[in-house]
Amino acid sequence: ETADAISFVSEKLSKFMDWGHTTMYRHIPKLFRFGYGFAEKHPAMLDDDAAVYKLLTDGTKQLNGFIKAGEFDTVICTHVFSGLLLRQMLKEYPMKLKTAFVGTDYTCSPGTARRELDYYFIPAESLKEEFIEQGVPAEEAEKQAPILKEAQAMLVKWEQNDPEVRSLWKRMNDWVYAGFDETYKALGVGFDKIYYESETYLEGREKVEEGLEKGLFYRREDGSVWADLTPEGLDEKLLLRSDGTSVYMTQDIGTAKLRFQDFPIDKMIYVVGNEQNYHFQVLSILLDKLGFKWGKDLVHFSYGMVELPNGKMKSREGTVVDADDLIATMIADARQMSADKVNKLENITEEEAQEIARVVGLGALKYFILKVDARKNMLFNPEESIDFNGNTGPFIQYTYARIRSILRKAAEQGIEIPEKLSSDITLSNKEISLIQHLQGFALAVRQAGQDYNPSCIANYCYELVKEYNQFYHDFSILREENEAKKIFRLALSQNVGKIVKLAMGLLGIEVPERM
């Protein structure tokens, strides 16, 4: 969390990521336990500067050997104790060091320590809970939390085009969007147009104020604007804060208006997780109230959550999978698992081997997720996803590469597939079944579109290649002595390959010519 927020690490970012996450964080939990343990035993010392300094100095001695071995250029620490312990080492080691506090231990962090930090971040929830424990009502507690007040003040300045706030905001946004672009490019994702909430909130605020004038919404004593949705069986919804700043709902109203204004579309599908079901239910009602005829027809494609073999992803517990890391891991795994097969290919270059690994790794990742109905929660198992057997992307890709290999060998033998095939061939039940599977492609695509369910295409593709592989093992193709049957089976293989490539392409998955 801290790395992208602090500019001085940009030069050393690559090294920091390599060392910081693999080596540094293996040791820091020891520091956390050291700090917590000491504080629990000696709570009175937290306000004693001398005692705190002794604690830090003792901890520094424990870390000396580790720092010498690591030879870090930049160290970022995310805990009060560890940050201040390391700071003491500046006298001995020429490191650039910044300390940042990102934690849930607000109540056990000494005030002295907090004053010494270059940056500190207190989770808003921790502050709210602290106020609530003191008897402050939940709504008032949220307003009183200092960090929330500071954030809200910055938002007001941002909406007032304050140069300093806008400059900081743009700088951080540029980092984020540059990162997004890299990830989207790696996944083969593109957009016809990108809408920024920083540009759409004004449109939304204008529509809310218009609704206020028409009596659709009401203003409370503190100046905030609300929608009363109790007649619809829902609750009241905040649309503008008391200071006039917008909320997510305001921005979504503005964005919806612009989308329908910019494109001649009949329907809008929001692809957003099921945690936002209520939000889009409210948005649809509000747009309808505001007079947008398409308001009631909004579709929320509510997808489920992805879980790991060891449980749900949780950012606090460090079990969230970073997309870029996952992509890199999948490609590396594909390279390792297919090394024996790829190395047998004739005239294979290192560049081509790496490209095959990229296509297979990303194919494994995308297919494993898309083969499950997106509305359901799913378990993502990287090892299963890259298996070359079963209902996986690599299995389908390998079948396609097999077909392409057969067709190349046929071409090398001078065999041409005519536009019209002989009608004097007696087909086997397996060949008839394969033809019937091919005919089902259009239905699978239509069903996927009607149900907003890409898994229809994914599973159709798996059933098709499974049928083809049975055919491949039961019947000769290039070694078939009957010329008419040979040509027919080549034509059948060619058409299976076409459909596989098209179906996988609809899922955003590439297929390799050889593998």
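An account of the accompanying structure is given in this report. Quantities reported herein were computed from a predicted structural model and do not represent experimental measurements.

## Some words on the packing of aromatic side chains
Here's step 1: Counted by the stated rule, this structure contains 15 aromatic pairs.
Here's step 2: Aromatic pair F260 and W294: ring centres 3.9 Å apart, planes at 5°, arrangement stacked. One end of the pair, F260, is in helix α10 (residues 248–262); the other, W294, is in the loop between α11 (277–289) and β8 (299–303), with 34 residues separating them in the sequence. Exposure class is identical for F260 and W294. Each is buried.
Here's step 3: Consider the rings of Y468 and F471, whose centres lie 5.6 Å apart with planes at 55°: the pair is tilted. Here the residue Y468 and the residue F471 both occupy positions in helix α19 (residues 455–474), the gap between them amounting to three residues, near one helical turn.

## Quick notes on the pattern of salt bridges
Here's step 1: Evaluation of the coordinates by the stated rule reveals 20 salt bridges.
Here's step 2: Where R404 meets E513, a salt bridge forms, and the shortest distance between an N and an O atom there is 2.9 Å. Separated by 109 residues along the polypeptide, R404 in helix α16 (residues 393–412) and E513 in the segment after α20 (483–506) bring together distant segments of the chain.
Here's step 3: By relative accessible area, which is 27% here, R404 ends up partly exposed.
Here's step 4: Overall, the relative accessible area of 35% leaves E513 in the partly exposed class.
Here's step 5: Of the charged contacts in the structure, one is a salt bridge between R489 and E431, with a shortest N-O distance of 2.8 Å. Residue R489 is found in helix α20, and its partner E431 is found in helix α17 (residues 429–439); the two are separated by 58 residues along the sequence.
Here's step 6: The network of salt bridges with common partners includes K207, E210 and K214.

## Considering unusual backbone geometry
Here's step 1: Positive phi outside glycine occurs at N161, with the angle close to 60°.
Here's step 2: Within the secondary structure layout, N161 lies in the loop between α7 (146–159) and α8 (163–187).

## Focus on the sheet that holds strand β4 (residues 218–219)
The pairing of strands in a sheet happens through backbone hydrogen bonds and is either parallel or antiparallel.
Here's step 1: Read from one edge to the other, the open sheet built from three strands follows the order β4-β5-β6, with strand pairing classed as antiparallel. The sheet is open, and its two borders are formed by β4 and β6 (236–240), each paired with just one other strand.
Here's step 2: Direction of pairing for β4 relative to strand β5 (residues 225–228): antiparallel, over a ladder of two bridges. Directly across from R219, in β5, lies its bridge partner V225.

## Regarding α11
Since one α-helical turn is 3.6 residues long, residues separated by three or four positions face the same way.
Here's step 1: In this model, α11 (13 residues) spans 19 Å end to end at C-alpha, consistent with the 18 Å of a helix rising 1.5 Å per residue.
Here's step 2: Buried within α11 are the following residues: H279, F280, V282, L283, S284, I285, L286 and L287.
Here's step 3: Structurally, α11 contributes buried residues whose contacts are with β5, β6, α10, β7 (269–273) and β8.
Here's step 4: Looking one or two places after α11, you find G291, whose phi comes out positive at around 95°.

## Structural notes on the side chain of S246
Here's step 1: Here S246 is to be found in the loop between β6 and α10.
Here's step 2: What makes S246 buried here is its relative accessible area of 4%.
Here's step 3: Dropping the residues within four chain positions of it, S246 is found in contact with L155, E159, Y201, L239, L240, R241 and Q251.

Conventions adopted
- Residues numbered from 1 in each chain as written.
- Predicted model: local features only at pLDDT ≥ 70, side-chain atom pairs only at ≥ 80, totals over all residues.
- Heavy atoms only, no water.
- Phe/Tyr/Trp six-rings, centres within 6.5 Å; stacked < 30°, edge-to-face > 60°.
- Helix = DSSP H or I, 4+ residues; strand = E, 2+ residues; numbered from the N terminus.
- Buried < 20%, exposed > 50% of the residue type's maximum accessible area, 1.4 Å probe, protein only.
- Salt bridge = Lys/Arg side-chain N within 4 Å of Asp/Glu carboxyl O.
- Pairing = 2+ DSSP bridges.
- Expected span 1.5 Å × (residues − 1).
- Contact = heavy atoms within 4.5 Å.

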